[in-house]
Amino acid sequence: MAPLLDIKGSLDPSKQPSSRARVVGLLEAVRQDKEIDAILKWEDEDKIQKTVEKGGEKIRHYAAQYTIPHNQDDIAEYLEDIFTSALLVYATTCFDPTDTSSSEIKLDFFLMHLLTSSLAVRTYLPYLPLPQAVLLLRAHCTSAIHYYISRGRPIMDIKRLQEYTPQSTIFKDQSWDELKRLATSPKVELHVSKVIRALYIASQMYPKGEHASLWRQAAVLTLDQMLGLGKDWSQQAEGFQQAWQEPL
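Residues numbered from 1 in each chain as written. Predicted model: local features only at pLDDT ≥ 70, side-chain atom pairs only at ≥ 80, totals over all residues. Heavy atoms only, no water.

**Q** Teacher, can you tell me more about the overall build of the protein chain here?
**A** Helices and strands together make up the secondary structure of the protein chain, namely 10 helices and zero strands. Counting from the amino terminus, the protein chain carries its helices and strands in the arrangement α-α-α-α-α-α-α-α-α-α. In terms of overall dimensions, the protein chain is globule-like: its C-alpha atoms have a radius of gyration of 18 Å, near the 18 Å expected for 248 residues. By its C-alpha atoms, the protein chain is 55 × 40 × 30 Å across when sized along the principal axes. For the protein chain, the residues scored as buried account for 50% of the 248 residues in total. At a minimum sequence separation of 6, the contacts of the protein chain that also span at least 24 residues come to 79%. (Helix = DSSP H or I, 4+ residues; strand = E, 2+ residues; numbered from the N terminus. Rg over C-alpha atoms; globule rule 2.2 N^0.38 Å. Buried < 20%, exposed > 50% of the residue type's maximum accessible area, 1.4 Å probe, protein only. Contact = heavy atoms within 4.5 Å.)

Following this line, the structure appears as structure tokens:
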């Protein structure tokens, strides 16, 4: 099986065009691609593996479009893109697309890891030579495409995240310090703490911009669902309508 990412191409500065594709734009193109409909079915048990087996060519096609200039000044820009796309694919795909009035929310276990792994990318980048830094960023994008397809390509509904009101009043209008305290209490599941940490660090790195308010909003949503309501992570592939017909 061919690798999902052209490693040699990523390491060769002469092969890098000046494209400025962004991860969210690529994911939206993936969602609109009708040829991907046949790759995955609701009935497939191991959707992660099935996506690689049947959709490897599509993953490679879209991953190849995420080209990063071999310029140190561009690395920070693309790291922000990685963080922002991870925020959106994690926190805006959790709403029931079949019923816009539904309060049912399912936070995906796999898409969550795109967010937490963004911190690992941030940690490694300063210590990597430029070609390897480019490769790491492109590898994260490739993982995002892979996971997004495996989850059934759920709709990213930014408006519903913006308008989200916590059902537990304890999380409403809380400061970051209080949200962090709640996220590190003894009964909190480890992944929840990791998510809040990633969102907080990102909010300090990127306090301005189009999605600046969503770092904290995603933290409130996560704590409200996982701590306030006692929910668990979803592994149901929320892009399929059948996922919303079954209990979490």
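Structure shown, so let's carry the discussion forward.
**Q** What exactly am I supposed to notice about the side chain of Thr 51 here?
**A** For Thr 51, the location among the structural elements is in helix α3 (residues 47-63). With a relative accessible area of 0%, Thr 51 lands in the buried category. Residues within four places of Thr 51 in sequence aside, it is in contact with Ile 39, Leu 40, Gly 56, Ile 59, His 146, Ile 149 and Ser 150.

**Q** Just checking my understanding: could you explain α3 for this structure?
**A** Turn by turn, an α-helix covers 3.6 residues, leaving residues three or four places apart pointing in a common direction. The terminal C-alpha atoms of α3 lie 19 Å apart, and with 17 residues this falls more than 12% below the ideal 24 Å at 1.5 Å per residue. Within the span of α3, buried status applies to Lys 47, Thr 51, Val 52, Gly 55, Gly 56, Lys 58, Ile 59, Tyr 62 and Ala 63. Where α3 is buried, its residues meet α2 (23-32) and α6 (130-150). (Expected span 1.5 Å × (residues − 1).)

**Q** Any chance you could explain the side chain of Thr 142 here in plain terms?
**A** Here Thr 142 is to be found in helix α6. A distance of 2.8 Å separates a polar side-chain atom of Thr 142 from the backbone oxygen of Arg 138. (Polar contact = N/O pair within 3.5 Å; in protein donor to acceptor, adjacent residues only side chain to side chain.)

**Q** Can you help me understand helix α8 (residues 176-183) in this one?
**A** Those residues of α8 that sit buried are Trp 176, Leu 179, Leu 182 and Ala 183. Angularly, the buried residues of α8 cover 125° about the axis, an arc narrow enough to put them on a single face. (Arc of directions from axis to C-beta.)

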